[in-house]
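Tertiary structure, described
Next come the chains, spelled out residue by residue.
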Amino acid sequence: MKIYDTIIIGAGAAGIMAAISSAKSNKTTLLLEKLPKIATKLKATGGGRCNLTNTLDRDSFMQSFGKEGRFMSQALDSLSSQDLQQFFNSIGVDTHAPDGFRVFPTTHNSTTITNALTKELERLNIEVKTSQKVEHILTKDSIVNAVQSSSNTFYTKSVVIATGGRGYPQLGAEELGHKIIPPHPAMMPLKTKESWVANCRADTVSRVKMQVAIKKYKKLHAIGDLIFTKDGIRGPVVLDFSREITPLLAKYDEVPITINLTKGRNQEQILQHIKQELASKPHTLLSLLETLLPTSIAKEFIKIVEAKEQESFSKLAGVKRETLIRLLAQTPLTIRGHDGFKMAMITRGGIALKEIDPNSMQSKLIKGLYFCGEVVNLDGPCGGYNLQWAFSSGYLAGKTRQ
């Protein structure tokens, strides 16, 4: 009966790196994947361009994950952004940061990454079995001893769970005593109750600030580029902000937010801008708003305040003027839903961090059980954060065998 030193469940970024790390530590290693091919999600990352990491220093990187970010300290020490780039260089992948921040393979093609990782798995003689749906992790006296799939039982001294955001319930982590923070889809477009957004799809608005308009959550905000869709909003700022919104949608039927589409100007600054424009040359209401907004949005705002495009700002009734200024500073939107996990780039939630040793990624409850990547309750914004965490935590979980 063969007993593996390490079995990794899940062949995404975290699982593949865990397998490589384990094999480099001279451990007999088996990598199991439920799909017919490995690295399926990795291939689609970053729109197929594969934003591997970024150039932030270690402390700033951790801060971007919020109050739980310090948990990843040991993992980042084990495999930093620089280490990750050197690793890929060593397996034949050149990387660069064309904008000085986001790091990509120079090909800007995720296939370059997946091909190189596949070759490295082969070079290290790592056994890979696909189409293996793991159903149970078997333990004896709170120590891991086997993994049971739908077709086989594999014996092992340790197991690394790298199944991604929605894979852990099936593995019975709760049965093994672990607390699961409820999963929510994240990094995805959002749907709005307001229908006027459908008329503004032609334009991308930069430096938009979004904020939750619920008193208890008013500190939640994000800044970035926004794109309107036929039924809502998308773009980098929405991908980041959806991490905060989807858990709220589980509590409330709708989540009111405000967005600032005028580069952060408040009501007083907007009014001052309008006065300066009107002093320099004559304007219709539409041409005046076009100095602040894309034309499509300006037209919708004029409709909202029930004004006319060709009338002048000075002729507007006082109430309409006040409404317009307020609309420009804090445009209200109502988030009513999303397309669920099928559109989510990451999952928020997972194994509770307090039950994982950050120095090894080992369970504090079951000896020989390790977690890495999206399966734990830790997620970051767009920009290479989540892939770096996947690779770093996988590297740490794979190498620290007892």
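Shown above is the structure to which this text applies.
Residues numbered from 1 in each chain as written. Predicted model: local features only at pLDDT ≥ 70, side-chain atom pairs only at ≥ 80, totals over all residues. Heavy atoms only, no water.

A look at the packing of helix α1 (residues 13-24) against helix α12 (residues 385-399)
For any two helices packed against each other, one specifies the inter-axial angle together with the distance between the axes. In the contact formed by α1 and α12, the axes pass within 7 Å of each other and the chain directions differ by 35°. Note on packing geometry: the crossing formed by α1 with α12 is right-handed. Contacts between α1 and α12 pair Ala13, Ala14, Met17, Ala18, Ser21 and Ser22 from the former with Leu387, Ala390, Phe391, Gly394, Tyr395, Gly398 and Lys399 from the latter. Taken together, the residues of the contact of α1 with α12 sort by class into eight nonpolar, four polar and one charged. (Axes fitted to C-alpha atoms, helices over the stretch in contact; angles between N-to-C directions. Helix = DSSP H or I, 4+ residues; strand = E, 2+ residues; numbered from the N terminus. Left-handed = near helix turned anticlockwise from the far one by under 90°. Contact = heavy atoms within 4.5 Å. Nonpolar A, V, L, I, M, F, W, Y, C, P; charged D, E, K, R; others polar.)

Brief notes about the sheet that holds strand β1 (residues 3-4)
Pairing is mixed across the open sheet formed by four strands, whose spatial order is β1-β10-β9-β8. Edge positions in the open sheet fall to β1 and β8 (134-140), since each of these has one partner strand only. The pairing of β1 with strand β10 (residues 153-156) spans two bridges and is classified as parallel. Across the sheet, tyrosine 4 pairs through a bridge with threonine 156, a residue of β10. (Pairing = 2+ DSSP bridges.)

Describing the sheet that holds strand β13 (residues 190-192)
An order of β13-β16-β15-β14-β17-β18 is seen for the six strands of this closed barrel, with the pairing classed as antiparallel. Averaged over all adjacent pairs, the angle separating strand axes in this sheet is 50°, with direction ignored. Here two bridges tie β13 to strand β16 (residues 232-234), and the two strands are oriented antiparallel to one another. Paired with lysine 191 across the strands is glycine 232, a residue of β16. Along the sheet, helix α7 (residues 236-251) contacts β13, β14 (204-212), β15 (221-228), β16, β17 (255-260) and β18 (331-337); its crossing angle with β15, the most-contacted strand, is approximately 110°.

Brief notes about the packing of aromatic side chains
Tallied over the entire structure, the rule returns 10 aromatic pairs. Taking the centre distance of 5.1 Å and the plane angle of 65° together, the rings of phenylalanine 87 and phenylalanine 88 count as edge-to-face. With respect to burial, phenylalanine 87 and phenylalanine 88 carry one shared label: buried. Counting every residue linked through ring pairs, the aromatic cluster contains Phe61, Phe65, Phe101 and Tyr385. The ring centre of phenylalanine 104 lies 4.3 Å from the NZ or CZ of arginine 49, which sits over that ring. When the ring centre of phenylalanine 313 is taken as origin, the NZ or CZ atom of arginine 321, which lies over that ring, is 5.7 Å away. (Phe/Tyr/Trp six-rings, centres within 6.5 Å; stacked < 30°, edge-to-face > 60°. Buried < 20%, exposed > 50% of the residue type's maximum accessible area, 1.4 Å probe, protein only. Lys NZ or Arg CZ within 6 Å of the ring centre and 35° of its normal.)

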